[in-house]
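Structure at a glance
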Amino acid sequence: KAGVTQTPRYLIKTRGQQVTLSCSPISGHRSVSWYQQTPGQGLQFLFEYFSETQRNKGNFPGRFSGRQFSNSRSEMNVSTLELGDSALYLCASSLRGDSYEQYFGPGTRLTVT
Amino acid sequence: GDSVTQMEGPVTLSEEACLTINCTYTATGYPSLFWYVQYPGEGLQLLLKATKADDKGSNKGFEATYRKETTSFHLEKGSVQVSDSAVYFCALSDKGNRGSTLGRLYFGRGTQLTVWP
């Protein structure tokens, strides 16, 4: 079975721009969660989608949004980028998103200049 | 609320030394516990898991036992190798299925392990 894939792997953007990141979960997995990883804050939960519905959201501003499609693929969008948004963005998939383990993609490294 | 506390290190060991990385947790529901490993430039890989008290997870020589009485899930390995050098994260998933916990893993801050030959 193919693992979780994320595109692109690397991105460089300028402050004020917006960006869209993509995640394809493991086949059959219906839950997709997104995390932001930075040296200062560690791993922080952004949001989780299940069957195209956002079920849970972390403590991030409204500039961070996401969606999930009928094939379970997910995208996250960050508008009006700030320098502090530079991070590794990780996507994880799981069967149902409750107590099941999550499987992570390689991440998208976003650099905001 | 739910949280995970783990020793942050860094931890530096010689090859074949014993490893213990401490992890304790706080949870309001019935958590499953995990250890993930992250190699440089990569995402997180699931190393092992335990879903209920007294369960022992094991993989690649690593072990961890879910201790409800001490709310701990310490990672151990009897003889580390250079290839074990990575960052290790302890995490929990709350089975309470409340809105605030759905699809969410709570992570510790990570422990950098470096093994020298």
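Below you will find a few notes about this structure. (Residues numbered from 1 in each chain as written. Chains lettered and ligands numbered in written order. Predicted model: local features only at pLDDT ≥ 70, side-chain atom pairs only at ≥ 80, totals over all residues. Heavy atoms only, no water.)

A tally of regular secondary structure across chain A gives 0 helices and 11 strands. Its helices and strands taken in sequence order, chain A reads β-β-β-β-β-β-β-β-β-β-β from the N to the C terminus. Compactness check: chain A gives a C-alpha radius of gyration of 13 Å against a globular reference of 13 Å for 113 residues, within 12% of the reference. Across its three principal directions, the C-alpha atoms of chain A cover 35 × 25 × 25 Å. In chain A, once contacts between residues fewer than 6 apart in sequence are set aside, the share between residues at least 24 apart is 55%. On chain A, roughly 5200 Å² of surface is accessible, and the fraction owed to carbon and sulfur atoms is 48%. (Helix = DSSP H or I, 4+ residues; strand = E, 2+ residues; numbered from the N terminus. Rg over C-alpha atoms; globule rule 2.2 N^0.38 Å. Contact = heavy atoms within 4.5 Å. Areas by Shrake-Rupley, 256 points an atom, 1.4 Å probe, with all protein chains shown as cover.)

Below, the discussion takes up the packing of aromatic side chains. Residue and element names in this part refer to chain B. A complete count under the given rule lists 12 aromatic pairs over all chains for this structure. Measuring from ring centre to ring centre gives 6.0 Å for Tyr25 and Tyr66, while their planes differ by 85 degrees; the resulting arrangement is edge-to-face. Of this pair, Tyr25 sits in strand E4 (residues 23-26) while Tyr66 sits in the loop between strand E8 (62-65) and strand E9 (75-77); the two residues are 41 residues apart in sequence, bridging distant segments of the chain. We classify Tyr25 as buried; its relative accessible area is 8%. The class of Tyr66 is buried, set by a relative accessible area of 5%. Judged by centre distance (6.2 Å) and plane angle (85 degrees), the rings of Phe89 and Phe107 are edge-to-face. Here Phe107 lies in strand E11 (residues 105-107) and Phe89 lies in strand E10 (residues 86-94), a separation of 18 residues in the sequence. (Phe/Tyr/Trp six-rings, centres within 6.5 Å; stacked < 30°, edge-to-face > 60°. Buried < 20%, exposed > 50% of the residue type's maximum accessible area, 1.4 Å probe, protein only.)

On to the interface of chain B and chain A, then. Between chain B and chain A, the contact holds 23 residues from the first and 25 residues from the second. For the pair chain B and chain A, the summed buried surface comes to about 1800 Å²; carbon and sulfur atoms form 51% of the total. On the chain B side of the contact with chain A, Leu102(B), Gly103(B) and Arg109(B) bury the most area, a combined 27% of that side's loss. At the boundary of chain B and chain A, one finds 1 salt bridge. Among the ionic pairs, Lys49(B) bridges to Glu101(A), the shortest N-O distance being 2.9 Å. If one sorts the elements of the side of chain B that touches chain A by residue count, strand E5 (residues 31-38) of chain B sits on top with 4 residues. Here the side of chain B that touches chain A is composed, by residue class, of 8 nonpolar, 10 polar and 5 charged. (Buried area = accessible area lost by both parts, 1.4 Å probe. Salt bridge = Lys/Arg side-chain N within 4 Å of Asp/Glu carboxyl O. Nonpolar A, V, L, I, M, F, W, Y, C, P; charged D, E, K, R; others polar.)

These figures capture arrangement, not role.
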